[in-house]
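Residues per chain are reported as follows:
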Amino acid sequence: MREKLKDCKRIVVKVGTSTITYPNGRLNLKRIEELAWVLTDLRNRGKEVVLVTSGAIGVGAVRMAMQERPTIIREKQAAAAVGQAMLMQIYHNFFDRYNQTVAQILLTKEELSSDSRYENTKNTLETLLEMGILPIVNANDTISTYEIEISDNDRLSAMVAEIIRADLLILLTDIDALYEKDPRSNPDAKRVANVASVTDEIKAMAGEKKGSEFSVGGMKTKLQAASICLDAGVKMAIANGEDPKVVHRIIDGEDVGTLFGC
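What you see is a predicted model; the values in this text were computed from it and never measured. (Residues numbered from 1 in each chain as written. Predicted model: local features only at pLDDT ≥ 70, side-chain atom pairs only at ≥ 80, totals over all residues. Heavy atoms only, no water.)

K.L.:
Looking at this model, I keep getting lost on the overall build of the protein. Mind explaining?
P.N.:
Across its full length, the protein holds 11 helices and 8 strands. At 17 Å, the protein has a C-alpha radius of gyration in line with the 18 Å of a compact globule built from 262 residues. By its C-alpha atoms, the protein is 45 × 40 × 40 Å across when sized along the principal axes. Relative to all contacts within the protein whose residues are 6 or more apart in sequence, the contacts with residues 24 or more apart total 75%. (Helix = DSSP H or I, 4+ residues; strand = E, 2+ residues; numbered from the N terminus. Rg over C-alpha atoms; globule rule 2.2 N^0.38 Å. Contact = heavy atoms within 4.5 Å.)

What follows is the structure, given as structure tokens:
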């Protein structure tokens, strides 16, 4: 099954806040540049690529000299407004080095729940991909409190993968894979290499959310994303984003991370 990943044409890659920032919340520019190189290289191989990124609120909070991720809704929205501009500027600069044009798409619940907006979102993404442009998607936290309240972007990336009928969604996170128990507190924890369906037994492996003060989500939201993908016929992989070249390794069929949809 992993060998068949080489044939994936349309790929969504999601990066979490902890992947593109340091624990202090500041942007990890080296990693973002490596990510831009990897995704542009996929484009050069003939793949269609969409990037779903987290980090706007966390990055904005640091720029606004907040000591931790804000908890008040209006402060989150203000941080998102500052952080989103910063993120897109950085992404544009790095992708531009490799002559890859990018576009920004901010989504809310309305785009995903309304038939007309859903279709408009799909048409926009499809057109960008047809033109060789790499869409960069984030939740529109600046205007929608719903996205802030539930935002983890794992589920958002799964919905994007469903909308464009992607072949594969790759979640880059701060853990290597799904484990039978939390490897950070259980050194003997075994990696789950392949998952055919998200059963209650699999859900029980999620444990508690861990990460930096500026990150959101956890393994639970990744399993929710996996359920969305499997229902839509999309394969999904979880892998450590410390080295973005892991994306190449996954697509080349290496046994890394956890693959859903075996």
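After that view, the rundown keeps rolling.
K.L.:
I would appreciate a short explanation of the nonpolar core in the present structure.
P.N.:
What tends to happen in soluble globular proteins is that the nonpolar side chains get buried as a cluster. If you look at the biggest cluster of nonpolar residues, it comprises 41 residues, and the most contacted ones within it are Val12, Val137, Leu178, Met236 and Phe260. Secondary-structure elements contributing two or more residues to this core are strand E2 (48-53), strand E3 (102-107), helix H6 (115-130), strand E4 (134-139), helix H8 (154-163), strand E5 (168-173), helix H10 (219-232) and strand E7 (235-240). Among the nonpolar cores identified, the runner-up in size contains 38 residues, and Ala36, Ile90, Phe95 and Val102 belong to it. (Core = buried A, V, L, I, M, F, W, Y, C linked by side-chain atoms within 4.5 Å. Buried < 20%, exposed > 50% of the residue type's maximum accessible area, 1.4 Å probe, protein only.)

K.L.:
Would you mind showing me how to read the sheet that holds E2 here?
P.N.:
Two strands in a sheet stick together by hydrogen bonds in their backbones, pointing the same way (parallel) or opposite ways (antiparallel). Strand order in this open sheet of 8 strands is E3-E4-E2-E1-E5-E7-E8-E6, and the pairing throughout is mixed. The open sheet has two free edges, formed respectively by E3 and strand E6 (194-195), since each of these has just one partner strand. In this fold helix H4 (residues 73-97) packs onto strand E1 (10-15), E2, E3 and E4, with an angle of close to 155 degrees to the strand it touches most, E3. Together, E5, E7 and strand E8 (258-260) form the strand contacts of H10, whose direction differs from that of E7 by roughly 155 degrees. (Pairing = 2+ DSSP bridges. Axes fitted to C-alpha atoms, helices over the stretch in contact; angles between N-to-C directions.)

K.L.:
For this particular structure, what's the right way to read the environment of Ile250?
P.N.:
Structurally, Ile250 can be placed in helix H11 (residues 246-251). Linking Ile250 and Arg2, residues 248 residues apart in sequence, is a C-alpha distance of 7.8 Å.

Structural measurements only, silent on function.
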